[in-house]
Structures are given as structure tokens and as C-alpha cells.
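# Chain and residue survey
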Amino acid sequence: MTRRLADVSTSARLATPGEGLGQDELALAARNHGLPLEAMRYDITPPGLHYILTHYDIPHVPDDAAWRLTVNGRVRHPLSLSPAQLRTRPAVTTRVTLECAGNGRALLTPRPVSQPWLVEAVGTAEWTGVPLRLLLDEAGVASDAVDVVFTGADHGVERGVEQDYQRSLPLDIATGDEPEVLVAYAMNGQPLPPQHGSPLRLVVPGWYGMAHVKWLRDVTVVDTPFTGFQQSVAYRIRQGPEEAGEPVTRIAPRALLIPPGFPDFMSRTRVVAPGPVRLEGRAWSGRAPVTSVEVSTDSGATWHRAELEPDHGHRWAWRRWSRMWSPVPGTHVLSARAYDEAGNAQPLEQPWNRGGFANNLVQRVPVFCTDPTSR
Ligand SMILES: Nc1nc2c(c(=O)[nH]1)N[C@H]1C(S)=C(S)[C@@H](COP(=O)(O)O)O[C@H]1N2
Ligand SMILES: [Mo]
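Residues numbered from 1 in each chain as written. Chains lettered and ligands numbered in written order. Predicted model: local features only at pLDDT ≥ 70, side-chain atom pairs only at ≥ 80, totals over all residues.

As recorded by an unreviewed UniProt entry, the protein chain carries the name Sulfite oxidase and is attributed to Streptomyces luteolifulvus. The UniProt entry for the protein chain carries the following text under Cofactor (unreviewed entry): "Mo-molybdopterin". (UniProt positions renumbered as here; feature names shortened; annotations may be inferred.)

### A short note on the site of ligand 1
Close contacts around ligand 1 come from 18 residues, with H55, C100, G152, G209 and K214 the closest. Its residues placed into classes, the shell around ligand 1 shows nine nonpolar, seven polar and two charged. (Near = placed C-beta within 6 Å. Nonpolar A, V, L, I, M, F, W, Y, C, P; charged D, E, K, R; others polar.)

### Brief notes about the sheet that holds strand β2 (residues 79–81)
Strand order in the open sheet formed by five strands is β2-β1-β10-β5-β6, with mixed pairing between adjacent strands. Of all the strands in the sheet, just β2 and β6 (161–170) have a single pairing partner and so form its edges. For this sheet, the mean angle separating the axes of adjacent strands, direction not counted, is 25 degrees. Relative to strand β10 (residues 216–222), strand β1 (residues 69–73) is paired through four bridges, and the arrangement is parallel. Looking across to β10, one finds that G73 is bridged to V221. (Pairing = 2+ DSSP bridges. Helix = DSSP H or I, 4+ residues; strand = E, 2+ residues; numbered from the N terminus. Axes fitted to C-alpha atoms, helices over the stretch in contact; angles between N-to-C directions.)

### Notes on the UniProt feature "domain: Moybdenum cofactor oxidoreductase dimerisation" (unreviewed entry) in the protein chain
UniProt's entry tags residues 274–367 with the feature "domain: Moybdenum cofactor oxidoreductase dimerisation" (unreviewed entry), counted in the numbering of this structure. With 0% helix and 43% strand, residues 274–367 has its two end C-alpha atoms placed 11 Å apart.

### Here we look at the sheet that holds strand β17 (residues 290–296)
With respect to topology, six strands assemble into an open sheet ordered β14-β15-β22-β21-β17-β18, the strand pairing being mixed. Two strands bound the open sheet, and with one partner strand each, they are β14 (262–263) and β18 (304–305). Pairing of strand β21 (residues 330–340) with strand β22 (residues 365–369), which is carried by five bridges, proceeds in the antiparallel orientation. Residue V333 lies in a different strand from β22, and its bridge partner there is P366.

Here it is, written out as C-alpha cells:
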């Protein structure tokens, strides 16, 4: 019996009611790890703790010097640049909180079967690179250009479609400076590690992770809207499978708690003692600056304003927030909720869509407060 590629690479589906995580989802979760939430204590995520999402394999790049980044398509002067040549150009360093568009997916009902993130697909790094608009300027973009397509060196098959990982940006975003898109060669002052796109990757501050193309090989300016798989099939907000849907773009606001106290190994339920506890965490939005964070310690019944740190000039990075809490013995559910300047807020009901994208439903952290009188 002959098998076709489509037999090993099946369509997207939703888990049936009560269906547990499968081996396929476990395999993805083991490859693509999240941020341990306690690591939100660091302004910049330490090496190895930043979340990772790779659709296919991490390309093996034994020799950076042989790498070429091309800028081609609808340009007057195509470019072919080595990483060393890029490093001689004007450099910018930007602190960016990156979040996977699928963050929160595994908490949805019904669950879209894919990378099963809870809430930890986030991290913050300082990316250094060349502003993309300078490279496009140097190449001379033709007047009929509409999109810029970014091709990674990784190759795979997804829902029956064999492909190089490719995403596009509209020309005005690619050449804009709010945010300023970077072709990055360093992460936290070090060359990019293999899993984060060595030797070059795109960084699009404020946009969900899928836009930040790793192992960047080609930048192609095109005169028709790009309709590749990761643009038109994946990363669309749809309710039904036949809808064209809306594209996934900028990061919706989210606040997360650094879980207080200490955890139970299996349930991860937090254990605290009665008395003052500082609740703290991070909040971010790629749509507009965060304006406030509220905390609930009673399962969302009442909300109280947290203290929010200024952004210290890092518009595209998460901000620290905190609020004191004095728990009494018993069980509690903690939540935090971010609001941004454009009026976006985190929903209290799940914002469901078939791909499980941009689920910024408020986090729930169960906490058990011990009773010292009944040990
Ligand atoms: N070439 C390539 N770029 C990619 C991906 C990929 O699979 N291949 N995954 C994207 C997705 S979905 C996310 S969330 C981010 C994750 O970046 P990180 O692994 O550096 O955290 O990379 C994006 N860039
Ligand atoms: Mo992602």
C-alpha cells in the first residue's frame, strides 16, 4: 500500500470532549518548552529559559561565514550579505517580550490539537541587529511593492503542505519605525543560539512570535499579497474551518503572576503561610502601552489595582507589577488582568477560535494557605 504525504501530515482538528493530550502533543511539548513562570523575576530572561517554538527541525549551521541573507524580488539592487557584513552596518538593540500566538491554547474548550501551551510561551530578550528598513532602502524597493516575504532555512510539511517556513509583513510595517523591525544577529549580547535562529532572525517588536522568522535566508519584496501557508492557512482567527478568517498580528494584553509560595510537585498548587505575601508578575501588550493591572484573590469576584512599574524606556518589553496580599488559611484562586492604552483588556471568558490563537483569558493560580493551628 502506498502512502501519500497527506497520510502522514493530517488536517487540523479539535480534541473530542474529554480527550486527553496525545503523544503527538506531548512530543511537541517536549521539543518546545515554555518559560518557568518564576523566571519572570528577571527583566531579561536568562539563557535557556526563554520559551521556544520551532515548527520543523532546527537547521544545522556549521559555518556562519557561509550564510547569505539575500534581499531580492521587487528591488533595484538585490543584496547578498554575510552575517559579518551585516555586523558592519548601523546596529540597534531593542528589548522585546516575545509571545507565541498559541499561548493559552491547551486551556481552551474544545482544545485545538497542536502545541499545547498553557500560559508560559513568553520570554524577554535584548535583540541586536540592523533595522530592516535600512536594508530595504539600500536595495531600493520598487513602487509596486506590497508585501515583504521572509524565508527561513527550515523545511517541513504541515497539513499536507511541504514548505520552507515563510511569513510576510505588509510593506508599511516592514519599512516602519514603530515598531522598528530588525534583522537580528545577537540575543542578549551573544550570537543567536541555534534554537533562536542562528545566525540571523527577524524581530518584529509587538507582534506574536510567528512573525519573527528564524534562520532568515531570504527577504523577498513582492507586488502581490503573499498567500503562503503560514500567512493564509495557519495563523488566522476563525470560528469555522471554511472561513478566510482574520490574520494574527499584534500581541493582545496579558498579565501573569509569578506563582507565590512553593509548589506541589504534581498538581503545581501553590502553598503559602498566612500573613503578608507580595504578589508580583509581568504585564505586556503589543497593541498599546499597558495602562493598568488588576489583581483578584477571590476567583475573579473582586479586583484591586496593582502597582505598575514604568517601562524604563522599553516600550516593547513586559513591565513589573505587584500588590500585597494577606491570605487566611484555606484555598484561594489568584488572577491578574492587564489593560492597555487602546482600551484592550483581558477577557474573563475564553476567546475561542479554531487555531487557539491569542487566548489571553486571565490566568488562574490555585493557592493553598496553611493553617498553623492545625498542622
Ligand atoms: N524559521 C522559523 N521561524 C520561526 C518559527 C519556525 O518554526 N521556523 N516559529 C515561529 C514561532 S510560531 C514562534 S512563537 C517564534 C518563537 O521564537 P523563539 O523560539 O526564539 O522563542 O519563532 C517563529 N519563527
Ligand atoms: Mo508561535
